[in-house]
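Spelled out, the chains give:
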Amino acid sequence: MSVASAVAHPNIAVVKYWGKRDVAANLPAVPSVSLALGPWHTRTQVRWGADADAVRFGAHPAPPAFAAKALAHLDRLFPGRPRCAVETTNDFPTGAGLASSASGFAALTVAAAAAAGLDPSPDTLSRWARLGSGSASRSIPGGWAAWWDEAARPIAPPEWWPVAMVVAVVAEGEKAVGSTAGMQRSAATSPYWPAWLSEGPALAREAEDAVRARDLERLGAAMEASTFQMHATMHTARPPLIYWQPATVAVLHAAAALRQRGVGAWVTMDAGPQVKVLCLADDAPTVAAALAPIALRTVTLLPAGGARRVP
Ligand code: DP6
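In short, a report on the structure. No experiment lies behind these values; they were computed from the predicted model shown.

1. Here's the deal with the overall build of the chain
Here is step 1: Counting its regular elements, the chain contains 9 helices and 16 strands.
Here is step 2: Its C-alpha atoms give the chain a radius of gyration of 19 Å, near enough to 19 Å, the size a compact globule of 311 residues would have.
Here is step 3: Along the three orthogonal principal directions, the C-alpha set of the chain runs to about 60 × 40 × 35 Å.
Here is step 4: Relative to its full complement of 311 residues, the chain shows a buried share of 54%.
Here is step 5: A separation threshold of at least 6 residues defines the contact pool for the chain, and within that pool the share at least 24 residues apart is 75%.
Here is step 6: By element, 57% of the accessible surface of the chain is carried by carbon and sulfur atoms, the whole surface being about 12,600 Å².
Here is step 7: The averaged location of the 23 negative side-chain charges in the chain is 4 Å from the averaged location of its 27 positive side-chain charges.

In structure tokens, the structure reads:
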């Protein structure tokens, strides 16, 4: 087998990964907990033994920085590898705080291993995906996953709990400072960094317990605590990292107003302006309707499974 394809879903962290305890090995400074979300996905094909290395993104050659990152990942996993052709497509916007690197490196890792005739365990695939991007480790198991160390592990499958993540897209376009650089700046310059590190493990345990108990209020409270603590390290970095736009803050207030009306709606943000609102799937239409006047558009995503080979 020298050609294989894989799909992987993005994931959104409910307890956030922000900072590395080992940069070379890409190990996290704090544990994180996430939910994989569909129907959005990345689909990637790897063909070993091409005439020259080539990375295509949809119908076009990939931007050079994107191609270089993908090829460097393959160099690291398969030293002395043959030349390869990689083709990848995303059905969602890249670089806008919507975790495209998670599904991208997860799909690339699974496709490359399969094309090489290997059948690694999910644990090994998660370790490998982590080397490309930390959050990609969590897209390998899919569903609810926790990442504390070298590999992410599953907590519960997607069908465990009928929740939804309503993404309020409030700005289009690539973010100014990517996650990798942003977390390094927070770690190097925020006076709140030690507090961020010390609070992380308890928040991750709280979120894992809440998922197992299907307790949305408990999970939502832990998710918001992790989110605002992470953004506090961004806002207090030098120079500060302010990913929020005015409409980001408007969505935060709209979610709080929904809760006042008895609708369980809890927010999280990543290294970008979009707000992701966690709620019960049955409440998603109500949440989306409340956010529609503020956001450019809303997208309702549902729990999804792990990265997998496809024909
Ligand atoms: C804010 O996984 O993109 O989305 O490991 O440096 O590639 P690297 O970082 P990346 O960081 C994601 C950060 C986050 C929070 C999260 O997904 O946990």
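Moving on from the coordinates now.
2. Here's the deal with the pairing of strand β12 (residues 163-169)
Here is step 1: Counting buried residues along β12, 7 of its 7 residues qualify, which places the element largely inside the surrounding structure.
Here is step 2: Burial along β12 is two-sided: the residues V163, M165, V167 and V169 and A164, V166 and A168 are all buried.
Here is step 3: Bridge analysis of β12 against strand β14 (residues 275-280) gives 6 bridges, and the strand direction is antiparallel. Residue pairing across strands places A168 opposite V275, the latter belonging to β14.
Here is step 4: Both β12 and strand β15 (residues 297-303) contribute to a ladder of 5 bridges, which runs antiparallel. Considered in β15, the bridge of V166 is made with T300.

3. Digging into the side chain of T248
Here is step 1: Here T248 shows up in helix α8 (residues 246-260).
Here is step 2: With sequence-adjacent residues up to four places away left out, T248 is seen in contact with V170, M269, P273 and V275.

4. Structural notes on the pattern of salt bridges
Here is step 1: For the structure shown, the criterion picks out 14 salt bridges.
Here is step 2: For R127, the salt bridge identified is with E150, shortest N-O distance 2.4 Å. Taken as a pair, R127 in helix α3 (residues 122-132) and E150 in the loop between β10 (144-147) and β11 (152-156) lie far apart in primary sequence, 23 residues in all.
Here is step 3: Classification of R127 by relative accessible area gives partly exposed; the value is 32%.
Here is step 4: With a relative accessible area of 33%, E150 lands in the partly exposed category.
Here is step 5: Between R259 and E224 there is a salt bridge, with its nearest N and O atoms 3.1 Å apart. One end of the pair, R259, is in helix α8; the other, E224, is in helix α7 (residues 216-235), and 35 residues separate them in sequence.
Here is step 6: Classification of E224 by relative accessible area gives buried; the value is 13%.
Here is step 7: Among the charged side chains, a network of salt bridges with common partners joins R153, E206, E208, D209, R212 and R218.

5. Quick word on the packing of helix α1 (residues 64-77) against helix α2 (residues 100-115)
Here is step 1: Remark: α1 packs on α2, axes separated minimally by 11 Å, with the N-to-C direction vectors making an angle of 45°. Our classification of the angle between α1 and α2 gives oblique. Seen from above, α1 lies across α2 with right-handed handedness. Taking contact as the criterion, the partners of K69, A70, H73, L74 and L77 in α1 are, on α2, F105, L108, T109 and A112.
Here is step 2: Broken down by class, the residue content of the contact of α1 with α2 amounts to 6 nonpolar, 2 polar and 1 charged.

6. Quick notes on the sheet that holds strand β7 (residues 54-57)
Here is step 1: Read from one edge to the other, the open sheet built from 6 strands follows the order β8-β7-β9-β6-β1-β16, with strand pairing classed as mixed. Since the sheet does not close on itself, it has two edges, and those belong to β8 (60-61) and β16 (308-310), each with one partner.
Here is step 2: Note that strand β6 (residues 42-48) and strand β9 (residues 84-90) share 7 bridges and pair antiparallel. Residue pairing across strands places W48 opposite C84, the latter belonging to β9.

7. Details of the packing of aromatic side chains
For any pair of aromatic rings, geometry is given as the distance between the ring centres together with the angle between the planes.
Here is step 1: Enumeration according to the criterion identifies 6 aromatic pairs in this entry.
Here is step 2: Taken together, a centroid distance of 4.7 Å and an interplanar angle of 75° make the contact between Y17 and W147 edge-to-face. Residue Y17 is found in the loop between β2 (11-15) and β3 (20-22), and its partner W147 is found in strand β10; the two are separated by 130 residues along the sequence.
Here is step 3: Under the relative-accessibility criterion, Y17 is labelled buried at 10%.

8. Some remarks on unusual backbone geometry
Here is step 1: For the peptide bond that leads from G38 to P39, omega is 5°, which places it in the cis range.
Here is step 2: One can find P39 in the loop between β5 (32-38) and β6.
Here is step 3: Note the cis peptide between R238 and P239, where omega equals -10°.
Here is step 4: With respect to the helices and strands, P239 occurs in the loop between α7 and α8.
Here is step 5: Backbone geometry at N26 places phi at a positive 50°, although glycine is not the residue there.
Here is step 6: Its location among the elements puts N26 in the loop between β3 and β4 (27-28).
Here is step 7: Backbone geometry at R214 places phi at a positive 50°, although glycine is not the residue there.
Here is step 8: Tracing the sequence through the fold places R214 in the loop between α6 (193-213) and α7.
Here is step 9: For R214, a relative accessible area of 41% corresponds to the partly exposed category.

What counts and how
- Residues numbered from 1 in each chain as written.
- Predicted model: local features only at pLDDT ≥ 70, side-chain atom pairs only at ≥ 80, totals over all residues.
- Heavy atoms only, no water.
- Helix = DSSP H or I, 4+ residues; strand = E, 2+ residues; numbered from the N terminus.
- Rg over C-alpha atoms; globule rule 2.2 N^0.38 Å.
- Buried < 20%, exposed > 50% of the residue type's maximum accessible area, 1.4 Å probe, protein only.
- Contact = heavy atoms within 4.5 Å.
- Areas by Shrake-Rupley, 256 points an atom, 1.4 Å probe, with all protein chains shown as cover.
- Lys, Arg positive; Asp, Glu negative; His and termini not counted.
- Charge placed at Lys NZ, Arg CZ, Asp CG, Glu CD.
- Pairing = 2+ DSSP bridges.
- Salt bridge = Lys/Arg side-chain N within 4 Å of Asp/Glu carboxyl O.
- Axes fitted to C-alpha atoms, helices over the stretch in contact; angles between N-to-C directions.
- Parallel < 35°, antiparallel > 145°, perpendicular 65-115°, else oblique.
- Left-handed = near helix turned anticlockwise from the far one by under 90°.
- Nonpolar A, V, L, I, M, F, W, Y, C, P; charged D, E, K, R; others polar.
- Phe/Tyr/Trp six-rings, centres within 6.5 Å; stacked < 30°, edge-to-face > 60°.

Shape descriptors only; they carry no functional weight alone.
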